[in-house]
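Observations on chain architecture
Listed below are the residues making up each chain.
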Amino acid sequence: MSDYIPSANIERTRTGQRHFVSDIDETGLGAVDAVADDRAPSSLWGEAWKSLRKRPIFWVALIIIVIAIAIAAFPNVFTSQDPRFCELSNSLKGPSDGHPFGFNRQGCDIYARIIFGARASVSVGVLTTIFVVIIGGVIGAIAGYFGGWFDALLSRITDIFFAIPLLLAAIVFMQMFKENRNIWMVILVLSLFGWTQIARITRGAVMSAKNEEFVTAARATGASKARILMSHIIPNSMAPIIVYATVALGTFIVSEASLSFMGIGLPSTVVSWGADISAAQASLRTNPMVLFYPALALAMTVLSFIMMGDAVRDALDPKARK
């Protein structure tokens, strides 16, 4: 027979053996699994923001983009020099007081031209992206949601435009209307041939979203097709569109600079980075810094939008977050 002796620890004694068992400290499952019921569930965008704010590349890109937009919107805050005022006596002079980047071949202040050149380049990129998203988004959403002959017709139209290279089409059209070149003409031409990729992305996202359970629930409540498309499908299809639009914005800035570089983009009266890079070719061997500064401004702006697109894409991709 074994005797049990109560104590702080349960002690069980046997002949020649003493065994101690510690007290059991039980924790209820309710305390372990408790979750605050009043906390709203995290949305896709909420989870994306949590991921974005932890990435240094996002903050670096955001700072550069904010600076570029501020310079484009308020160039007079960053310089008091007139970018169109040139003196041949200052031709290719180096940096001096009030002229940190020196002068180009025509004797124009390089820093002032870079500051004022941001307005044309950033404006073309932003406005073209807005128009492209509207045109491509509408066509892709209609094709993806209604399907049938709508999808067949709009898809064939998209394929026709998709087969035309953007820059080549822009060169042809700008040559046709070279007497009426202005910033709105460049935006119109780039928008006319740059919407195809957005249309394809939107179509695929809408086709995927329209088969989700929340769309079925909306139909069961009697919501109209237009309401389902605008209130349910499109908001849940915006993630890939935003990612591509961010990257495409940098592409359109490069396209504008390329057209201006070839002399068929913005007119000579408009200060732009592409035109300054083109004019600096003659000084490349003797004074490469004349080309370096506008090229650096262009590269940094485009790179910032590309980095932002990569960061947003990774944040909106659940697999990447895992």
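Residues numbered from 1 in each chain as written. Predicted model: local features only at pLDDT ≥ 70, side-chain atom pairs only at ≥ 80, totals over all residues. Heavy atoms only, no water.

1. What to know about the nonpolar core
By size, the foremost hydrophobic cluster in this structure holds 33 residues, and its most contacted members are Ile114, Ile253, Trp273, Leu298, Met308 and Leu316. For this core, the secondary-structure elements that each account for two or more residues are α2 (44-52), α3 (56-73), α5 (110-146), α12 (238-261), α13 (273-279) and α14 (289-316). With 13 residues, the single largest contributor to this core is α14. Not counting the four nearest positions on each side in its chain, isoleucine 114 is found in contact with Phe101, Trp273, Tyr293, Pro294 and Ala297. Ala120, Met174, Met185 and Ile264 belong to the second-largest nonpolar core, a separate cluster that totals twelve residues. (Core = buried A, V, L, I, M, F, W, Y, C linked by side-chain atoms within 4.5 Å. Buried < 20%, exposed > 50% of the residue type's maximum accessible area, 1.4 Å probe, protein only. Helix = DSSP H or I, 4+ residues; strand = E, 2+ residues; numbered from the N terminus. Contact = heavy atoms within 4.5 Å.)

2. Things to note about the confidence of the model for the chain
Overall, the prediction assigns the chain a mean pLDDT of 82, with 84% of residues at 70 or greater. Element-level pLDDT for the chain is lowest in strand β1 (residues 3-5), with a mean of 49, against a maximum mean of 92 in α3. Across residues 7-11 the pLDDT falls below 50, and counting only partners more than four positions away or on other chains, this stretch makes twelve contacts in the model. (pLDDT = per-residue confidence, 0-100.)

3. Brief notes about the packing of helix α9 (residues 196-209) against α12
Taken N-terminus to C-terminus, the directions of α9 and α12 make an angle of 165 degrees; their axes are 9 Å apart at the nearest point. By the criterion of interaxial angle, the relationship of α9 to α12 is roughly antiparallel. α9 and α12 meet at a crossing whose hand is right-handed. Counting all contacts with α9, which are made through Gln197, Ile198, Ile201, Thr202 and Ala205, the residues of α12 involved are Pro240, Ile241, Tyr244 and Ala245. (Axes fitted to C-alpha atoms, helices over the stretch in contact; angles between N-to-C directions. Parallel < 35°, antiparallel > 145°, perpendicular 65-115°, else oblique. Left-handed = near helix turned anticlockwise from the far one by under 90°.)

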